[in-house]
Amino acid sequence: MKRPVTLKPLTFYCLLFCACFSIFSIIGFVSKTPDMVSANVKEKDGKPKDTLLNTQNDYDNLKSFTEVIGLIKKNYYRDVEFSSLVQGAIKGMVATLDPHSAYLTTEDFNDLKVDTKGEFGGIGIEITIRDGSITVVSPIEDTPAYNVGIMSGDQILKIENELTKDMTLSEALKKMRGPKGTPVTIYVHREGRANLLPFTIVRDIIKVHSVRYRMLEDAVGYIRLSQFNADSSSEFVSALKALKKLNAGKEISGLVIDLRNNPGGLLTQAVRVSDIFLDGGMVVYTDGRFEDSKSEYFAHNNGNEPKYPIVILVNEGSASASEIVSGTFQDAKRAVIVGMQTFGKGSVQTVIPMEGEKALKLTTALYYTRSGRSIQTTGIVPDKIVAAKPIKLEEENTLDQEEQNFRIREESLKGAIKNPNGREENESNKELKISQYPKRKYKEPKYLIGSRDAMAADLGFVLEEDPQLAEGLTVIKQWISTGKIPEFLDKAKPAKVASK
């Protein structure tokens, strides 16, 4: 009678892992089913997609992977579960691709579904990782974080009593979310401040109304669009109607669209907002490695909105969908862009569900404006560069204008995808780094961009506190008085790119 063979857990798992990969690679070579990576699925150039394992080097790398697992299990100072090692390896693998791709555990995937619904208990900020630090891209308007003064570029170094070093985005979000009415204390490092700034923020249900509006001078309207959510285009249309009503029932003479600190959102809503003002033509298209990552979005000649002058305000916190809108309006010469160079996120992420309620958020394509230019890393360079009012500095610190205006951008993120047009820093970008003011102290802005206070405050005070808005209004007045688009826009030279 033969004795049963007993395998140690490590040996069993490694053999199982290798067997699975061997099976997958064989299927990759011979299968004709569309759900596998096989010859009947084509790249956009007509070539078949890669199989799972193509070369001896692929097999050697897989062998190294299992060998490392074995060494950890054998030599690490404490026992580590096999599943933890594999999950960590998967997360690390995906993290090497680019800053926006991510492996979503069941909990992460459920959190993403909550975000999609637009309602959750939290403090209301968009965050990313820069140089290993949890960094604020922008606070969401009218949320607890926004109201206590959290700013774009703030580095969150501590949440309650736990340092955020090496903390993942999902872990940081998890710690900052919670039931409505419960407090959470975060400690941030801000440019120009010597010490960490503590903020105790009371969580709330985050429901963002994306549109606010008011009248400016000379029948010029102002619409603040804080993000592109499911209701943005309908709210935008309602705001236009309200502005006309505020103007004694007459059409407005011009419009300032404020996209500063707008982190993006739904691409379809960005297209619909653009469609209100554009007669036709492409708004944006996406292009990636495979045919199913290519898509095109067009405007239609609905003839609803008059051809009055438009200025779009942007800054370093304007990202993704807000860059698409401003870039397309710039290409079409339908608006003058005023402010500072935008964030530069020009990539498309697709969430691919997996077994066990897990998912893979994977960058599958890049955005291109109607002229064929990519905004990836370069962002949108305004036609008229205007800095925001500088921040207040501590008594022992002074910073020049360049340092004060620094904000995190896509190109500064580790592993950021390079611009496919091959454009490096151009002359317009260099203008943003010129120091225009001497070193001195400044006062804090009295009104936050697009806040309820700014909507209700005396316009003179708001324009004094907000030089970008003041310049935008000046540009529109110039446009109205001359009857033609300002000359500096005509001198703008969009990058030449290959045809799509």
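Calculation criteria
Residues numbered from 1 in each chain as written. Predicted model: local features only at pLDDT ≥ 70, side-chain atom pairs only at ≥ 80, totals over all residues. Heavy atoms only, no water. Helix = DSSP H or I, 4+ residues; strand = E, 2+ residues; numbered from the N terminus. Buried < 20%, exposed > 50% of the residue type's maximum accessible area, 1.4 Å probe, protein only. Contact = heavy atoms within 4.5 Å. Areas by Shrake-Rupley, 256 points an atom, 1.4 Å probe, with all protein chains shown as cover. Axes fitted to C-alpha atoms, helices over the stretch in contact; angles between N-to-C directions. Parallel < 35°, antiparallel > 145°, perpendicular 65-115°, else oblique. Nonpolar A, V, L, I, M, F, W, Y, C, P; charged D, E, K, R; others polar. Phe/Tyr/Trp six-rings, centres within 6.5 Å; stacked < 30°, edge-to-face > 60°. Lys NZ or Arg CZ within 6 Å of the ring centre and 35° of its normal. Core = buried A, V, L, I, M, F, W, Y, C linked by side-chain atoms within 4.5 Å. Pairing = 2+ DSSP bridges. 1 Å grid on protein atoms, 1.4 Å probe; cavity = no way out; pocket = protein on both sides within 12 Å on 5 of 7 lines; lining within 4 Å. Points joined across faces, edges and corners; volume = space filled by probe spheres on them. Salt bridge = Lys/Arg side-chain N within 4 Å of Asp/Glu carboxyl O. pLDDT = per-residue confidence, 0-100. Right-handed = clockwise from strand over helix to strand, strands pointing away.

Trainee: What's the story with the overall build of the protein chain in this structure? I'm lost.
Mentor: Within the protein chain, the secondary structure is distributed over 15 helices and 19 strands. Looking at the 500 residues of the protein chain, the share that counts as buried comes to 47%. Partitioning the contacts of the protein chain with sequence separation of at least 6, the portion at a separation of at least 24 is 70%. Surface accessibility of the protein chain: about 26100 Å² in total, with carbon and sulfur atoms responsible for 54%.

Trainee: Before we go on, may I ask you to explain the packing of helix α7 (residues 232-246) against helix α8 (residues 267-275) in this structure?
Mentor: A pair of packed helices is characterised by two quantities: the angle between their axes and the separation of those axes. Orientation of α7 relative to α8, taken along the N-to-C sense of each, is 25 degrees, at an axis distance of 8 Å. The angle between α7 and α8 falls in the class roughly parallel. Of the residues in α8, those touching α7 at Ser232, Ser233 and Phe236 are Gln269, Arg272 and Val273. Tallied by class, the residues present in the contact of α7 with α8 amount to two nonpolar, three polar and one charged.

Trainee: Looking at this structure, how should I read the packing of aromatic side chains?
Mentor: Inspection of every chain in the model, using the stated rule, returns five aromatic pairs. Here Phe277 and Phe329 contribute two aromatic rings whose centre-to-centre distance is 6.0 Å and whose plane-to-plane angle is 70 degrees, an arrangement assigned as edge-to-face. Note that Phe277 is positioned in the loop between α8 and β13 (282-288) and Phe329 in helix α9 (residues 321-331), a separation of 52 residues in sequence. Across the pair, Phe329 and Phe277 agree in class, each one buried. Grouping aromatic residues by their ring pairs yields a cluster made of Phe236, Phe277, Tyr308 and Phe329. Geometry around Tyr187 places Lys158 over its ring, the cationic atom sitting 5.0 Å from the centre.

Trainee: Would you mind going over the environment of Lys207 with me for this structure?
Mentor: Mapped onto the elements, Lys207 comes out in the loop between β9 (204-205) and β10 (211-215). Taking the C-alpha atoms as reference points, Lys207 and Ile140, 67 residues apart in sequence, are found 9.8 Å from one another.

Trainee: Help me understand the side chain of Gln468 in this model?
Mentor: Within the fold, Gln468 resides in helix α14 (residues 467-482). For Gln468, the residues in contact, after removing those within four places along its chain, are Arg260, Leu313, Val314, Val338, Gly339, Met340, Val386, Ala387 and Ala388.

Trainee: Where do I start with the nonpolar core in this structure?
Mentor: Buried together is how nonpolar side chains tend to be arranged in soluble globular proteins. Counting residues in each nonpolar core, the largest one holds 38 residues, and the members touching the most others are Phe236, Leu255, Phe277, Ile310 and Ile312. Apart from the residues lying within four places of it in its own chain, the contact partners of Ile312 are Ile257, Leu259, Val325, Ser326, Phe329, Ala335, Val336, Ile337 and Val338. Tyr222, Leu313, Val336 and Trp479 belong to the second largest nonpolar core, which has 20 residues in total.

Trainee: Quick question: what am I supposed to make of the sheet that holds strand β12 (residues 254-258) here?
Mentor: Hydrogen bonds along the backbone pair up the strands of a sheet, which may run parallel or antiparallel. The strand order across the open sheet formed by six strands is β10-β11-β12-β15-β16-β19, and the pairing between neighbours is mixed. Looking at which strands have only one partner, the edges of the open sheet turn out to be β10 and β19 (384-385). Where β10 and strand β11 (residues 220-225) come together, five bridges link them in antiparallel fashion. Among the inter-strand pairings, Tyr213 is bridged to a residue of β11, identified as Ile223. Packed onto the sheet, α14 meets β11, β12, β15 (310-314), β16 (336-339) and β19 and runs at close to 160 degrees relative to β15.

Trainee: Teacher, can you tell me more about empty space enclosed by the protein here?
Mentor: To locate leftover empty space, one rolls a probe as large as a water molecule over the atoms. Taken as a whole, this structure holds two cavities of 30 Å³ or more when the rule is applied. Lining the second largest cavity, in full, are Pro139, Ile140, Glu141, Tyr146, Arg224, Ser226 and Asn261. Considered class by class, the residues forming the lining of the second largest cavity number three nonpolar, two polar and two charged.

Trainee: Can you help me understand the pattern of salt bridges in this one?
Mentor: If charged atoms from side chains of opposite charge come close, those side chains can pair. Taken as a whole, this structure holds 15 salt bridges when the rule is applied. One salt bridge in this structure joins Asp79 and Lys73, with 3.3 Å as the shortest N-O distance. Across the pair Arg260 and Asp258 runs a salt bridge, and its minimum N-O distance is 2.8 Å. As far as burial versus exposure is concerned, Arg260 and Asp258 are alike and both buried. Connected via shared salt-bridge partners are Arg224, Asp258, Arg260 and Asp466.

Trainee: Before we go on, may I ask you to explain the confidence of the model for the protein chain in this structure?
Mentor: Keep in mind that low pLDDT regions are not for reading the predicted coordinates in detail. Confidence in the prediction of the protein chain, expressed as mean pLDDT, is 79, and 76% of residues score 70 or more. The low-confidence segment residues 15-42, where pLDDT is below 50, has 41 contacts with residues more than four positions distant or belonging to other chains. Note on residues 424-444: pLDDT is under 50 here. Beyond four places in sequence and across chains, it has 38 contacts.

Trainee: When you look at the pairing of β11 in this model, what are you seeing that I'm missing?
Mentor: It is a general feature of regular strands that their side chains alternate between the two faces of the sheet. With six of six residues buried, β11 lies mostly within the body of the structure. Side chains of β11 alternate between two faces, with Val220, Tyr222 and Arg224 and Gly221, Ile223 and Leu225 buried alike. Hairpin connection between β10 and β11: a loop of four residues separates the two successive antiparallel strands, and Asp218 in this loop has a positive phi of roughly 55 degrees. As defined by bridge partners, β11 adjoins β12 across five bridges and the pair is classed as parallel. Within the sheet, the bridge partner assigned to Arg224 lies in β12 and is Asp258. Regarding topology, α7 serves as the crossover connection from β11 to the parallel β12, and that connection is right-handed.

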